[in-house]
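One-letter residues, chain by chain:
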Amino acid sequence: MSASPRGVEAELDSGSAPIAGLDTLSTVIDSIFKTSDNWIDRRAAIHSALNRTVVTPSELSTFALFDPRLPYTRNLVATDNTHYTLLILCWNVDKESPIHDHPCDGCFIKALQGKIRESRYVKDASPESDQLVLFQETIVHSGAVTYMDDFVGYHKVGCAGTEPAITLHLYTPPYHSCKVWASPERFSSWSEGKVTFYSKHGQPMN
Ligand code: CSS
Ligand code: FE2
């Protein structure tokens, strides 16, 4: 008989039980992709799983690798190379990503430490305009989960506080490049941003 008090099935069944650690989260995510057969259920299950996830201090010291030379670092936690990529991003104070799209079904972000600012844009509806228009700015506090996709619009994310911030990201499915805008004034003028990793599974890339 298993000595474990809770199996993955129990984690999936329970809408409110905490998910202790990133290994358990990865197992729960694997199960979600095996068991859910439509995007609405899958999206809700992923959102719930991230909400319930508690990342341990030891996991943060393994994956949350800051570099003062960079605006932020992207640290790979787990991927099945097919359905999802799970990352920890480490944001230096006053730094942010450029505005970008998400060439995937969806992007989930959980703030783990500090707070981040998410600024959302849409293409100006007027055909004469070539602008991205800011329509929402949100401060995401530690513990909160946000969701974004290209139907909602595009966004930039940055550190909002006086302390560095740490976020957990899940992209489904994984992607290797995205559109990046240097300025919201020129929607038609985007460049390709290649996905890079500062570390994989706790090992720095160089
Ligand atoms: N998409 C950005 C972070 S905000 S979702 C990135 O992956 O670097
Ligand atoms: Fe993003």
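What comes next is a walk through the structure. Note that the coordinates shown come from a computational prediction; the quantities given were computed from them, not determined experimentally.

1. Description of the packing of aromatic side chains
One pass over the full model with this rule turns up 8 aromatic pairs. On the basis of an interplanar angle of 15° and a centroid distance of 5.6 Å, the ring pair of tryptophan 181 and phenylalanine 187 is categorised as stacked. Since its relative accessible area comes to 21%, phenylalanine 187 is described here as partly exposed. Here a set of aromatic residues connected by ring pairs shows up, and it is made of Trp39, Phe108 and Tyr147.

2. Observations concerning the nonpolar core
Core analysis: the biggest nonpolar cluster contains 27 residues, and Leu22, Leu25, Leu86, Ile88 and Leu168 have the highest contact counts within it. Elements with a contribution of two residues or more to this core: helix H2 (22-35), helix H3 (39-52), helix H4 (57-63), strand S3 (72-79), strand S4 (85-91), strand S6 (106-113), strand S9 (145-148) and strand S11 (165-172). Ranked by residues supplied to this core, first place goes to H2 with 6 residues. When neighbours within four sequence positions are excluded, leucine 22 is seen to be in contact with Val55, Glu59, Phe63, Val77, Leu86, Ile88 and Leu168.

3. Remarks on the state of the cysteines
Note on terminology: disulfide describes a covalent bond linking the sulfur atoms of two cysteines. Applying the stated criterion across every chain, the model contains 0 disulfides. No disulfide involves cysteine 104; its sulfur sits 6.6 Å from that of cysteine 107, the nearest cysteine. Left without a disulfide partner, cysteine 178 is nearest to the cysteine sulfur of cysteine 104, which lies 9.4 Å away.

4. Side note on the site of ligand 1
Within the structure, ligand 1 sits among Tyr72, Arg74, Leu89, His100, His102, Cys107, Ile109, His155, Val157, His169, Tyr171 and Tyr175. If ligand 1 stood free it would expose 280 Å²; the protein chains cover 95% of that surface. More than half of the atoms belonging to ligand 1 lie within 2 Å of the grid points that define the largest pocket. Looking at the shell around ligand 1, the elements with two or more residues in it are S3, S6, strand S10 (154-159) and S11.

5. Observations regarding the environment of glycine 106
The topology assignment puts glycine 106 in strand S6. The exposure class of glycine 106 is buried, given its relative accessible area of 0%. For glycine 106 and tryptophan 181, which are 75 residues apart along the polypeptide, the C-alpha to C-alpha distance reads 19 Å. When neighbours within four sequence positions are excluded, glycine 106 is seen to be in contact with Trp39, Tyr147, Met148, Asp149, Leu170, Tyr171 and Thr172.

6. Some words on the side chain of arginine 74
Structurally, arginine 74 can be placed in strand S3. At 2.9 Å, the side chain of arginine 74 forms a polar contact with the backbone oxygen of threonine 196. In this structure arginine 74 touches Leu87, Ile88, Leu89, Tyr171, Val195, Thr196, Phe197, Tyr198 and Ser199, once residues within four positions along its chain are discounted.

7. Description of the coordination of the iron ion (ligand 2)
The protein atoms donating to the iron ion (ligand 2) are His100 (NE2), His102 (NE2) and His155 (NE2), with metal-donor distances spanning 2.0 to 2.1 Å. Linear spacing of the donor residues for the iron ion (ligand 2) on their chain is H-x1-H-x52-H. Of this pair, histidine 100 sits in strand S5 (residues 99-100) while histidine 155 sits in strand S10; the two residues are 55 residues apart in sequence, bridging distant segments of the chain. Taking relative accessible area as the criterion, histidine 155 reaches 1% and is therefore assigned buried.

8. Regarding the layout of surface pockets
Put simply, the largest pocket is a space of about 460 Å³. Contributing to the lining of the largest pocket are 27 residues, with Tyr72, Arg74, Lys194, Val195 and Thr196 lying nearest its centre. If one sorts the elements of the lining of the largest pocket by residue count, S3 sits on top with 3 residues. Among the residues making up the lining of the largest pocket, the classes are represented as 16 nonpolar, 9 polar and 2 charged. The computed volume of the second largest pocket comes to approximately 210 Å³. Those elements giving two or more residues to the lining of the second largest pocket turn out to be S3 and S4. Top contributing element to the lining of the second largest pocket by residue count: S3, with 3 residues. Residue composition of the lining of the second largest pocket, grouped by class: 7 nonpolar, 4 polar and 2 charged.

Rules of the game
- Residues numbered from 1 in each chain as written.
- Chains lettered and ligands numbered in written order.
- Predicted model: local features only at pLDDT ≥ 70, side-chain atom pairs only at ≥ 80, totals over all residues.
- Heavy atoms only, no water.
- Phe/Tyr/Trp six-rings, centres within 6.5 Å; stacked < 30°, edge-to-face > 60°.
- Buried < 20%, exposed > 50% of the residue type's maximum accessible area, 1.4 Å probe, protein only.
- Core = buried A, V, L, I, M, F, W, Y, C linked by side-chain atoms within 4.5 Å.
- Helix = DSSP H or I, 4+ residues; strand = E, 2+ residues; numbered from the N terminus.
- Contact = heavy atoms within 4.5 Å.
- Disulfide = S-S within 2.5 Å.
- Near = heavy atom within 4 Å.
- Areas by Shrake-Rupley, 256 points an atom, 1.4 Å probe, with all protein chains shown as cover.
- 1 Å grid on protein atoms, 1.4 Å probe; cavity = no way out; pocket = protein on both sides within 12 Å on 5 of 7 lines; lining within 4 Å.
- Sits in = over half its atoms within 2 Å of the grid points.
- Polar contact = N/O pair within 3.5 Å; in protein donor to acceptor, adjacent residues only side chain to side chain.
- Donors = N, O, S within 2.8 Å, 3.2 Å for Na, K, Ca; no water.
- Points joined across faces, edges and corners; volume = space filled by probe spheres on them.
- Nonpolar A, V, L, I, M, F, W, Y, C, P; charged D, E, K, R; others polar.

Interpretation in functional terms is not warranted from these geometric data alone.
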